[in-house]
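Architecture at a glance
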Amino acid sequence: MGKSKYPLYFSFPALAVFLVFFITPTLIGFYYSFTDWNINAKDIRFIGFQNYAAIFQEPRLTTALFNTLIFAAAVTVLQNVCGLGLALILNEALVLRNVLRMIFFLPYVIAPIIIGYIFRAIYHPEHGIVNQILEQVGLAALAHDWLNDPKYALFSIIVTDIWRVAGFSMVVYLAGLQFIPKDLTESASMDGAQYWSRFRHIIFPLLAPAFTVNVLLSMIGSMKVFEMVMVLTEGGPGYTTEVFYTYIRSMFSSGEFGYATTVNVVLFILVTCIGVPVLMRMKKREVEM
């Protein structure tokens, strides 16, 4: 029994579902990105690369690209820093350790839309908790209209999303910490190695697989952000917090289906071009360590 293999046809149901619900819509989407499909068109015509050429002439999409990359970079870095920090703290023998783990992970299982509405109230310029606390501690000059001020709107969304997803990274890092032999860290401690040295030369290298998973998932997820931006700012004020998916939504809403599909394909290519090299580089790092 130990040497027997499952028949290949056992995987056919899963492959069929993947083919019908992922591969087929993806191929159809690629086709429609080369058409003039819109709400007023009686017939859908093949127009080649006209939609792709139009993308480079749209300044609003340039803003969306810039905001998406800024958001993805900030969330990826800070989510992993916060998640790793929480994991290291809650991996120690603390009182109520399991309760604290649950509290920090809880935001991740709440729907982003609900969190968005909660933080809209928190960021309210007059009745929000943030500005009220600043006024209470004598820092009223730092109070702002966090979601309607172009200088702070994207920053506010980033902070909100980090609060939501840091707990997920924490759980992944905690899982990785469980596989690090305590003998290694205890031996290093007995040899006089300080905590930073133990973390740098033992803990962090052995967390490489967990680091790869967290960075890749957070990067891909943050590049596809939609709900949080839509609920908090709807891409405003103006287009200062516009991201790819809010732009795609607006194009679909205006009936430009072919062009909107083209932008979606471009985002797919962008995520792939960034994600694959990052994955290969980090997997290579795991082997070297």
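Here's a quick rundown of the structure. (Residues numbered from 1 in each chain as written. Predicted model: local features only at pLDDT ≥ 70, side-chain atom pairs only at ≥ 80, totals over all residues. Heavy atoms only, no water.)

1. With respect to the overall build of the chain
- A tally of helices and strands in the chain yields 13 helices and zero strands.
- Of the regular secondary structure in the chain, the N- to C-terminal order runs α-α-α-α-α-α-α-α-α-α-α-α-α.
- Considering only C-alpha atoms, the chain reaches an extent of 75 × 70 × 30 Å along its principal axes.
- With 289 residues in all, the chain has 38% of them scored as buried.
- Sequence-distant contacts, at least 24 apart, represent 69% of the contacts inside the chain between residues at least 6 apart.
- Put simply, the chain shows about 17,500 Å² of open surface, and 68% of that area lies on carbon and sulfur atoms. (Helix = DSSP H or I, 4+ residues; strand = E, 2+ residues; numbered from the N terminus. Buried < 20%, exposed > 50% of the residue type's maximum accessible area, 1.4 Å probe, protein only. Contact = heavy atoms within 4.5 Å. Areas by Shrake-Rupley, 256 points an atom, 1.4 Å probe, with all protein chains shown as cover.)

2. Remarks on the side chain of T261
- Assignment of secondary structure puts T261 in helix α13 (residues 257–288).
- Overall, the relative accessible area of 10% leaves T261 in the buried class.
- A polar contact of 2.7 Å, which involves the side chain of T261, links it to the backbone oxygen of F257.
- Residues within four places of T261 in sequence aside, it is in contact with G29, Y32, S33 and F252. (Polar contact = N/O pair within 3.5 Å; in protein donor to acceptor, adjacent residues only side chain to side chain.)

3. Section: the packing of aromatic side chains
- Per the counting criterion, the structure on display carries 19 aromatic pairs.
- For the pair F34 and F46, a centre-to-centre distance of 6.1 Å together with 25 degrees between the ring planes defines the contact as stacked. Within this pair, whereas F34 is found in the loop between α1 (12–32) and α2 (50–55), its partner F46 is found in the loop between α1 and α2, the two being separated by 12 residues in sequence.
- Note on W146 and Y152: the rings are 5.5 Å apart at their centroids and 75 degrees apart in plane angle, and the pair reads as edge-to-face.
- By relative accessible area, which is 11% here, W146 ends up buried.
- For Y152, a relative accessible area of 26% corresponds to the partly exposed category. (Phe/Tyr/Trp six-rings, centres within 6.5 Å; stacked < 30°, edge-to-face > 60°.)

4. Remarks on the layout of surface pockets
- In this structure, the largest pocket encloses a volume near 460 Å³.
- Every residue lining the largest pocket is counted, 15 residues in all, and those nearest its centre are N91, E92, L177, K182 and T185.
- Contributions of two or more residues to the lining of the largest pocket are made by α4 (97–109), α7 (153–178), α8 (182–190) and α9 (195–206).
- Looking at the lining of the largest pocket residue by residue, the class counts come to six nonpolar, three polar and six charged.
- Quantified by volume, the second largest pocket comes out at close to 360 Å³.
- Around the second largest pocket, the lining is made up of 16 residues, and of these T26, Y245, N264, V265 and F268 lie nearest the centre.
- Listing elements by their share of the lining of the second largest pocket, those giving two or more residues are α1, α12 (244–253) and α13.
- Among the elements that take part in the lining of the second largest pocket, α13 stands out by supplying seven residues, more than any other.
- Here the lining of the second largest pocket is built from residues that sort into 10 nonpolar, five polar and one charged. (1 Å grid on protein atoms, 1.4 Å probe; cavity = no way out; pocket = protein on both sides within 12 Å on 5 of 7 lines; lining within 4 Å. Points joined across faces, edges and corners; volume = space filled by probe spheres on them. Nonpolar A, V, L, I, M, F, W, Y, C, P; charged D, E, K, R; others polar.)

5. Digging into the environment of R97
- On the secondary structure map, R97 appears in helix α4.
- Separated by 45 residues in the primary sequence, R97 and L142 place their C-alpha atoms 35 Å from one another.
- Looking at R97, its side chain comes within polar contact range of the main-chain oxygen of E92, at 3.2 Å.

6. Some remarks on the packing of α9 against helix α10 (residues 208–223)
- Two elements in contact, α9 and α10, have axes whose closest approach is 5 Å; the angle formed by their N-to-C orientations is 60 degrees. Put simply, α9 runs oblique to α10. Of the residues in α10, those in contact with F204, P205 and L206 of α9 are A208, P209 and F211.
- Grouping the amino acids of the contact of α9 with α10 by side-chain chemistry returns six nonpolar, no polar and no charged. (Axes fitted to C-alpha atoms, helices over the stretch in contact; angles between N-to-C directions. Parallel < 35°, antiparallel > 145°, perpendicular 65-115°, else oblique.)

7. Regarding the pattern of salt bridges
- Counted by the stated rule, this structure contains three salt bridges.
- Taking the shortest distance from any N to any O, the salt bridge between R60 and E242 comes out at 2.6 Å. Residue R60 is found in helix α3 (residues 59–90), and its partner E242 is found in the loop between α11 (227–232) and α12; the two are separated by 182 residues along the sequence. Each member of the pair, R60 as well as E242, is classed as buried.
- In this structure, the salt-bridge partner of R164 is D161, at a minimum N-O distance of 3.3 Å. In this pair, R164 and D161 both sit in helix α7, three residues apart, roughly one turn of the helix.
- On the basis of relative accessibility, which here comes to 15%, the residue R164 falls in the buried class. (Salt bridge = Lys/Arg side-chain N within 4 Å of Asp/Glu carboxyl O.)

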